[in-house]
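# Coordinate analysis (summary)
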Amino acid sequence: MDEQQPHQRRVHYSGHYPKRFEEKYKELQPERYGDEVAHVLAKGNTPAGMHIPIMVEEILDVLKIQSGERGFDATLGYGGHTLKMLSALQGRGHLIGGDVDPIEGAKTEARIRAQGYGPNIWERRQMNFCRIDALAAEVGPFDFVLADLGVSSMQIDNPARGFSYKADGPLDLRLNPEAGISAAARLRELDKDELTGLLQTNADEPYAAQIAREIVRTERRQPITTTTDLHAAVTRALAKVPLPPDLQAAAGYSTKKQAAARAQLIKKSSARVFQALRIDVNHEYEVLYEFMEKLPYALAPGGRAAILTFHSGEDRIVKQAFKAYHQQGLYRAIAKDVIRPSKEECYRNSRAHSTKLRWAVKA
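Now for a quick tour of the structure. (Residues numbered from 1 in each chain as written. Predicted model: local features only at pLDDT ≥ 70, side-chain atom pairs only at ≥ 80, totals over all residues. Heavy atoms only, no water.)

Below, the discussion takes up the overall build of the protein. Along the protein, the regular secondary structure elements total 15 helices and seven strands. When the 363 residues of the protein are sorted by exposure, 49% land in the buried category. Taking contacts inside the protein between residues at least 6 apart in sequence as the whole, the part at least 24 apart equals 70%. (Helix = DSSP H or I, 4+ residues; strand = E, 2+ residues; numbered from the N terminus. Buried < 20%, exposed > 50% of the residue type's maximum accessible area, 1.4 Å probe, protein only. Contact = heavy atoms within 4.5 Å.)

Structure below.
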């Protein structure tokens, strides 16, 4: 007779609301706890393990999807944009969703299949979107392409992925944890000057030299292996730097306000350091350059492309590529001005604030 397994009680958390990712079991199971998810969304927050698609209506307006067309969602993520594009196809045509993340990609495929979309109209490819040329050669040119360059909330919120300083976890930062090297390993390869340049180029970090010096000094004593380790190094690096004029003026001579201003300074720099390392580890700029070079040749005549960017480095690459290929006659039209999310959307979803949308139409 098999021994009965002892009942496992759920780990309780202190306080009224769960703090740790794994404790947010209701948010992580939206199919079972819809009321809890709706409550989190109503507060303008993103439930754990989910991602709210940004600028959906603006994207659909740009792409002008028609039933029967062929499309490519270059960065599948949680699948929010994909589901809206599939709805626009009205049961005819074909959409491919590409993503390098094998973990979240498999989850998204299961969600989309559960909505009734079979391989005849939608398929997932685990691939880097810079391979759009090979994909177009296989299936034919695309009538519409979307590339959302932001990191998905599911990746940011999960401490095991190491994308944020806000929770302790391994310093990984890879979009595909099965390929390449982690951010922790990458730090051990860089000297002070290389790291300074990386922080400046990838994140416009104003305290790049001070932070790089402290990280290298820390690495000599003990390797930085966790998100907390890296955040602590940034904190030490900025513990005594003069506050910038705007923060100094706001803080005045109040000790409490001075401490709050320094905490804000450290928070912003930590976010930029993690961004810079993530871009480097995943070769994001190199991949984006390659994608932008191949994009016009993967579009059908009159094909539309929409790209969401989230920081100045990405936006600069997209803007310059669209402009150059428009001048060469490959695009018949491009966005004259960047499109930003509405105030209402930013209120509903705080992660939409930095978003910029640009578009182009193939000649």
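Attention now moves to the nonpolar core. Counting residues in hydrophobic clusters, the biggest one holds 37 residues, and the most contacted among them are Leu171, Leu187, Leu199, Ile211, Ile215, Leu230 and Leu238. Where this core is concerned, the elements lending two or more residues are α7 (183–187), α8 (192–203), α9 (208–221), α10 (227–237), α11 (245–251) and α12 (255–281). The element contributing the most residues to this core is α12, with eight residues. With residues up to four places along the chain from it excluded, the contact list for leucine 230 reads Leu171, Leu187, Ile215, Ile224, Val273, Phe274 and Leu277. Counting residues in each nonpolar core, the second largest holds 33 residues, with Phe129, Leu295, Leu330 and Ile334 among its members. (Core = buried A, V, L, I, M, F, W, Y, C linked by side-chain atoms within 4.5 Å.)

The next point concerns the packing of aromatic side chains. With the rule as written, the count across this model stands at five aromatic pairs. Taking 5.5 Å as the distance between ring centres and 25 degrees as the angle between the ring planes, the aromatic pair formed by phenylalanine 72 and phenylalanine 142 counts as stacked. Note that phenylalanine 72 is positioned in strand β1 (residues 70–73) and phenylalanine 142 in strand β4 (residues 142–148), a separation of 70 residues in sequence. Summarising the aromatic geometry, the rings of tyrosine 325 and tyrosine 331 are spaced 6.4 Å apart at their centres and angled 75 degrees between planes, so their arrangement reads as edge-to-face. In this structure, tyrosine 325 and tyrosine 331 share a single accessibility class: buried. Through a chain of ring-to-ring contacts, the aromatic side chains of Phe322, Tyr325 and Tyr331 assemble into a single cluster. (Phe/Tyr/Trp six-rings, centres within 6.5 Å; stacked < 30°, edge-to-face > 60°.)

Mapped onto the elements, aspartate 99 comes out in strand β2 (residues 94–99). Among buried charged residues, aspartate 99 stands out as having no salt bridge; its nearest opposite-charge side chain is arginine 124, 7.6 Å away. Apart from residues no more than four positions distant in its own chain, aspartate 99 is found in contact with Ala74, Thr75, Leu76, Gly77, Arg125, Gln126 and Met127. (Lys, Arg positive; Asp, Glu negative; His and termini not counted. Salt bridge = Lys/Arg side-chain N within 4 Å of Asp/Glu carboxyl O.)

In this fold, threonine 227 is placed in helix α10. Judged by its relative accessible area of 0%, threonine 227 falls in the buried class.

Bringing the pattern of salt bridges into the picture now. In the structure shown here, the tally under the stated rule is 19 salt bridges. A salt bridge links arginine 161 to aspartate 101; its shortest N-O distance comes to 2.9 Å. Residue arginine 161 is found in the loop between α6 (153–157) and α7, and its partner aspartate 101 is found in the loop between β2 and α4 (102–114); the two are separated by 60 residues along the sequence. The exposure class of arginine 161 is buried, given its relative accessible area of 6%. Residue arginine 358 pairs with aspartate 315 through a salt bridge whose shortest N-O separation is 2.7 Å. Of this pair, arginine 358 sits in strand β7 (residues 356–362) while aspartate 315 is found in helix α14 (residues 312–327), placing the two residues 43 residues apart along the sequence. No difference in accessibility class separates arginine 358 from aspartate 315, as the two residues are buried. Residues joined by salt bridges that share partners form a network here, namely Glu109, Arg113 and Arg124.

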